[in-house]
Amino acid sequence: MAALGRGGGGQLADRGVVPVEAGEVPKDIKMATYTHGQPRSFLEDAKFRRPTVTEIIEKKLEYLRKENKNLNIYGSVFYGTTAGFSGILANFIFRYCFKVKHDALKTYASLTTLPFLSTIVTYKLFVTDALYSGNISQENCVVRSSLVGLVCGVLYPSALAFSKNGRLAAKYHTVTLPPKGRVLLHWLLLCQTEVKAMAFPLVFQMLIGILNGLQHYAVFESTLEKKTLHED
């Protein structure tokens, strides 16, 4: 039987057929297993390519965050700068009306820095923080931004210049003192003509506030949409 087995094995070898030993997997089955495993490597390549797309989206989101941050900084600084120029104009008008020539540096410094700082802080509290909390719409954002320009860019500098230069006028007697009981009316009558020049910064501040609010909301909305798509 052993001789017969050897003989049969020899005949199979002569015919080009290799006998398979126990525990050994045929080569054709191995090739089938390898061929069946090829789609799995394609899926692995897709998994490796997916983080690349995610990184691109994250880079775009980071760029939009930087753009929004730059808009917050530069927009607020520009808005505050226009309020500072409005304060300089208001100080010049009331100093001319009250004929004040004392403490020029002190009044101009305060009328420049205080409206500048108040505009930046107020815009951050009432527009930027409210926008990121998601509590305001586009119309509300524009209205708040224009109101910041009206209050902090025109009304506040005018009232501040009126009070500071009025005190200096009363201190140095540069104009006639008002009668008792009509102090405010007397000061207003002295500068009612020149104060009309504040209409120019009023219109300018309102326009800057509207444009700044629209642009700020547009950048915030685009950032929010990109973030939503990234999460989906």
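To keep things clear, this report deals only with the structure shown in the data block.

Before going further, it helps to spend a moment on the side chain of serine 118. Note on placement: serine 118 falls in helix 3 (residues 104–133). A polar contact of 3.0 Å, which involves the side chain of serine 118, links it to the backbone oxygen of proline 115.

Let us look at the packing of aromatic side chains. Applying the stated criterion to the full structure yields seven aromatic pairs. Relative to tryptophan 187, the ring of phenylalanine 98 lies with its centre 4.9 Å away and its plane at 70 degrees, an arrangement referred to as edge-to-face. Separated by 89 residues along the polypeptide, phenylalanine 98 in helix 2 (residues 27–98) and tryptophan 187 in helix 5 (residues 183–190) bring together distant segments of the chain. Note on accessibility: phenylalanine 98 and tryptophan 187 belong to one class, buried. Between tyrosine 132 and phenylalanine 220, the ring centres sit 5.4 Å apart and the planes meet at 85 degrees, which makes this aromatic pair edge-to-face.

What follows covers the pattern of salt bridges. Applying the stated criterion across every chain, the model contains one salt bridge. Ionic pairing is found between lysine 124 and aspartate 129, a salt bridge with its closest N-O pair at 3.3 Å. We classify lysine 124 as partly exposed; its relative accessible area is 47%.

Trans is the prevailing form of peptide bonds, just as negative phi is the prevailing case for residues other than glycine. A positive phi angle, close to 50 degrees, is found at aspartate 103, a residue other than glycine. Mapped onto the fold, aspartate 103 is located in the loop between helix 2 and helix 3. Here the phi dihedral of histidine 173 falls at roughly 55 degrees; this positive angle occurs in a residue that is not glycine. Position of histidine 173 relative to the elements: it lies in the loop between helix 4 (138–172) and helix 5. A relative accessible area of 55% means that histidine 173 is categorised as exposed.

In this section: the packing of helix 3 against helix 4. The contact between helix 3 and helix 4 brings their axes to 9 Å, and the two run at 155 degrees. The angle between helix 3 and helix 4 places the two elements in the roughly antiparallel class. Between helix 3 and helix 4 lies a crossing whose hand is right-handed. Of the residues assigned to the contact of helix 3 with helix 4, the class counts are 16 nonpolar, eight polar and two charged.

Reading the values: the criteria
- Residues numbered from 1 in each chain as written.
- Predicted model: local features only at pLDDT ≥ 70, side-chain atom pairs only at ≥ 80, totals over all residues.
- Heavy atoms only, no water.
- Helix = DSSP H or I, 4+ residues; strand = E, 2+ residues; numbered from the N terminus.
- Polar contact = N/O pair within 3.5 Å; in protein donor to acceptor, adjacent residues only side chain to side chain.
- Phe/Tyr/Trp six-rings, centres within 6.5 Å; stacked < 30°, edge-to-face > 60°.
- Buried < 20%, exposed > 50% of the residue type's maximum accessible area, 1.4 Å probe, protein only.
- Salt bridge = Lys/Arg side-chain N within 4 Å of Asp/Glu carboxyl O.
- Axes fitted to C-alpha atoms, helices over the stretch in contact; angles between N-to-C directions.
- Parallel < 35°, antiparallel > 145°, perpendicular 65-115°, else oblique.
- Left-handed = near helix turned anticlockwise from the far one by under 90°.
- Nonpolar A, V, L, I, M, F, W, Y, C, P; charged D, E, K, R; others polar.

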